[in-house]
Structure formats: structure tokens, C-alpha cells
Amino acid sequence: MIINPYRFASGGGGGGGGDPTFVSVSTPTVSSAVDLPSSVAEGDLLIAYCVAAGGASTLSTPSGWTQVGSKYTWTTYSYETAAYYRVAGASEPSTTNFGSNIREGFMACYRNASSVSDYGSYTQASGASNTLTGVASGSGTMLISLIHDRDTAPAFTPPTDMTERLDAGATYWRHGLAEQLAAPTEDKTYTMSAGSFPSVAVLLVIE
């Protein structure tokens, strides 16, 4: 496990001790470059979730970032999805490029965390729900759920006991982010208000 020195700092950016806490999330963009969220401080954990449109569009891992598992290729379309993370430095660029050609994505910032310590499988589902296999999130850790839906219209209902931080459509996809501290090992289900297009979601544990 990577130890984040800022987690145990007595104050200042990126730290202060305690459980992981949400800071901010960027507005989903239709671009190879994903916007940096607001109020990022040195030592914060940045998490990006991106989708490439297939064909000539491919995702790639920027320098200094770590990809979570293997890129997921959607079975219905030739899209790619992946999550990425890094610990913020003293200065971060206003945008980060995660590949080539048009895709959508967003970036979130969490404090008092330094790594993704565990994660589940990327799960694709069609219709009004997407159920993810549970991943344990013990004391001092946080469970994060990330989702893309190929339809921009249907609103998300986040999984039970998770706090929603993002539910927003861009041009082609809708994007969601939710969290839960010290979550038990249990399946998590997103539901959508309408639509029959596929979605892809994943659970991450940060600490």
C-alpha cells in the first residue's frame, strides 16, 4: 500500500488526517482532454473515468497516472472505458489528455487518500439497472462507484447507502459518481429513470 504523507499532515493542502473526503468533481466534457476539478491541493487523490467512442478512438494512460485494471471494451459497441488515478502534485494542468479523438469523461478529487487499493470488475448492462459485485471497504477507506450510460437523458438513482456526487449528461453519454465510507461487501445497483442503452460501471476502494 502506498502511504500518503499528506494524509497525516496537521493541516494545509491535501491532508489533515481522517477518512477520505470528497472535494470536487469536474463537469463531463466531450474531448480527449478531461478538466481538472476545483480546489485540488497537493497530495489529493484524483480519479478520472473516461469512455472512447470506438474505431479510431482509443484510451491511453497519461504520464503519472495509473490505470485501474484493464480497459473495458463494450460488447454492444466498440467503445472503451477505463478508470485512472494519481496523487496530485504541487501544480496540476487544467486538463489531462486520456487518448485520441472524441470521447467523454470526468475527474474527481478526494482528500486523505493516496491510492486505489481494490476494485471490482467493469460491469456492462442494458436497460434500467446495472448491478456491480460487492467490494469490501473497511475502516478508513471509501467505496467509489463510477458509471457511464450511452443515453444522456435518464437520471441515475445511486446505489443504496451511497452519496451521489455526479449525475450529468454531456453530448452522448450520462455520467455518475457516488461514494460510501467503510462500505460492507455487498452488491451495488444503479438504476436509470428511462432508456435502454447500455451502461458500464465499476467499484473502487480508495484509502
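In case you missed it, the structure is sitting above this.
Residues numbered from 1 in each chain as written. Predicted model: local features only at pLDDT ≥ 70, side-chain atom pairs only at ≥ 80, totals over all residues. Heavy atoms only, no water.

J.: When you look at the sheet that holds strand E13 (residues 129–132) in this model, what are you seeing that I'm missing?
T.: By way of backbone hydrogen bonds, the strands of a sheet pair with one another, either parallel or antiparallel. Taking strand neighbours across the sheet as the criterion, the three strands line up as E13-E18-E15 in an open arrangement whose pairing is antiparallel. Each having just a single partner strand, E13 and strand E15 (156–157) make up the two edges of the open sheet. Two strands pair when backbone bridges link them, and E15 and strand E18 (residues 188–192) are joined in this way by two bridges, in the antiparallel orientation. From the neighbouring strand, Phe156 faces E18, where its bridge partner is Met192. (Pairing = 2+ DSSP bridges. Helix = DSSP H or I, 4+ residues; strand = E, 2+ residues; numbered from the N terminus.)

J.: I keep staring at the packing of aromatic side chains and nothing clicks. Help me out?
T.: Centre-to-centre distance and the angle between the planes together describe a pair of aromatic rings. The tally for this structure, following the rule as stated, stands at nine aromatic pairs. For the pair Trp74 and Tyr79, a centre-to-centre distance of 5.3 Å together with 80° between the ring planes defines the contact as edge-to-face. Given the relative accessible area of 9%, Tyr79 is considered buried. Centre to centre, the rings of Tyr84 and Phe98 are 5.0 Å apart; their planes meet at 40°, and the pair counts as tilted. On the criterion of sequence distance, the pair formed by Tyr84 in strand E7 (residues 80–87) and Phe98 in the loop between strand E8 (95–97) and strand E9 (99–100) is long-range, its members being 14 residues apart. Taken as a pair, Tyr84 and Phe98 share a single burial class, namely buried. An aromatic cluster of at least three residues, connected via ring pairs, comprises Trp74, Tyr79, Tyr172 and Trp173. When the ring centre of Trp173 is taken as reference, the NZ or CZ atom of Arg150 above it lies at 5.2 Å. (Phe/Tyr/Trp six-rings, centres within 6.5 Å; stacked < 30°, edge-to-face > 60°. Buried < 20%, exposed > 50% of the residue type's maximum accessible area, 1.4 Å probe, protein only. Lys NZ or Arg CZ within 6 Å of the ring centre and 35° of its normal.)

J.: What should I look at first to understand the pattern of salt bridges in this one?
T.: Once their charged atoms are close, side chains differing in charge can pair, the charge on each being opposite to the other. On inspection of all chains with the given rule, the structure shows six salt bridges. Linking Arg111 and Asp44 is a salt bridge whose minimum nitrogen-to-oxygen distance equals 2.7 Å. Placement of Arg111 in strand E10 (residues 103–111) and of Asp44 in the loop between strand E3 (33–35) and strand E4 (45–52) is noted, with a sequence separation of 67 residues between them. A residue is classified by how much of its surface remains accessible, and Asp44, at 0% relative accessible area, is buried. (Salt bridge = Lys/Arg side-chain N within 4 Å of Asp/Glu carboxyl O.)

Read these as geometric descriptors, not functional statements.
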